[in-house]
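Secondary and tertiary structure notes
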Amino acid sequence: MTMAILGIAICPLMNLLVLSQNINSEGEKEYDVIQTAQYYMEETRAMGEIDPEIFVYNSEEMSYERMVSDVLDDLSAEIKITPFSYGLHYIEVNILNDGEVINSLTGSIVID
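Residue positions within a chain follow its written sequence, with the count starting from 1. Predicted model: local features are reported for residues with pLDDT of at least 70 only, side-chain atom pairs are reported and counted for 80 or more only, and whole-chain, interface and lining totals are derived from all residues. Heavy atoms throughout the structure, all of them, feed into the side-chain values; hydrogens and water do not.

**Things to note about a negative patch on the surface**
This is how it is decided: Residues qualify for a patch when their relative accessible area is over 30% and they have no salt bridge, like charges being joined within 9 Å and the nonpolar side chains of Val, Leu, Ile, Met, Phe, Trp and Tyr within 5 Å. All accessibility values rest on the Shrake-Rupley procedure with a 1.4 Å probe; residue burial counts only the protein chains present in the view. What counts as a salt bridge is simple: a side-chain nitrogen of Lys or Arg found within 4 Å of a carboxyl oxygen of Asp or Glu. Lys and Arg are tallied as positive, Asp and Glu as negative. Neither His nor the chain termini are counted. Every charge is mapped to an atom, namely NZ of Lys, CZ of Arg, CG of Asp or CD of Glu. Every helix listed is a DSSP run of H or I at least four residues long, and every strand listed is a run of E at least two residues long, numbered separately from the N terminus.
Together, Glu28, Asp32, Asp70, Asp73, Asp74, Asp98 and Glu100 give the surface a local cluster of negative charge. Within the fold, Asp98 resides in the loop between strand 4 (88-97) and strand 5 (100-110).

Spelled out as structure tokens, the structure:
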């Protein structure tokens, strides 16, 4: 009798523990993706000038682009620098999963 009552009480708790683990796992993945985007944003902002060996100029979009593959577990990063005016450049870092943007970070930098 006691075991049956204990079993009835523990089953929902076990489901909650599994659900909690799944939520924590997804949160950890999202955190890693955000940290990766932040890393590439800071790396790009630390440049004194746009390196043509790293960035390729896309004349259709009038921007400099860089693709980095295998960033995190089959994810890739796309970094785009778009010149605006008076040395101001907009930076967009996209983290992609099979071509689909799962996280995006934007910023700006002044490059002479």
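Alright, that's what it looks like, and here's the rest.
**Quick notes on a nonpolar patch on the surface**
Residues Met3, Leu6, Ile10, Met14 and Leu17 make up a contiguous nonpolar surface patch of roughly 530 Å² in combined accessible area. Considering the arrangement of structural elements, one finds Met14 in helix 1 (residues 2-45).

**Quick notes on the pattern of salt bridges**
Overall, the coordinates contain 3 salt bridges when judged by the stated rule. Ionic pairing is found between Glu26 and Lys29, a salt bridge with its closest N-O pair at 3.8 Å. Here the residue Glu26 and the residue Lys29 both occupy positions in helix 1, the gap between them amounting to 3 residues, near one helical turn. Between Glu61 and Lys80 there is a salt bridge whose closest N-O contact spans 2.7 Å. Taken together, the positions of Glu61 in the loop between strand 1 (56-58) and strand 2 (63-68) and Lys80 in strand 3 (residues 76-83) put the pair 19 residues apart, joining distant regions of the chain.

**Concerning the sheet that holds strand 2**
Neighbouring strands of a sheet are bound in pairs by backbone hydrogen bonds; such pairs are parallel or else antiparallel. The criterion, for reference: Strands were regarded as paired on the criterion that DSSP finds at least two bridges between them. For helices, the fitted line uses only the C-alpha atoms of the stretch in contact; every axis is such a line through C-alpha atoms, and the angle between N-to-C directions lies from 0 to 180 degrees. Note on contacts: a residue pair is in contact if any heavy atoms of the two residues lie within 4.5 Å.
In space, the 5 strands of this open sheet follow the order 1-2-3-4-5, with antiparallel pairing throughout. Of all strands in the sheet, those with a lone pairing partner are strand 1 and strand 5, marking the two edges. When strand polarity is set aside, the average angle formed by the axes of neighbouring strands in this sheet is 25°. Across 8 bridges, the pairing between strand 3 and strand 4 is antiparallel. Bridge pairing in strand 4 places Pro83 opposite His89. Against the sheet, helix 1 contacts strand 2, strand 3, strand 4 and strand 5, and its axis sits at roughly 30° relative to strand 5.

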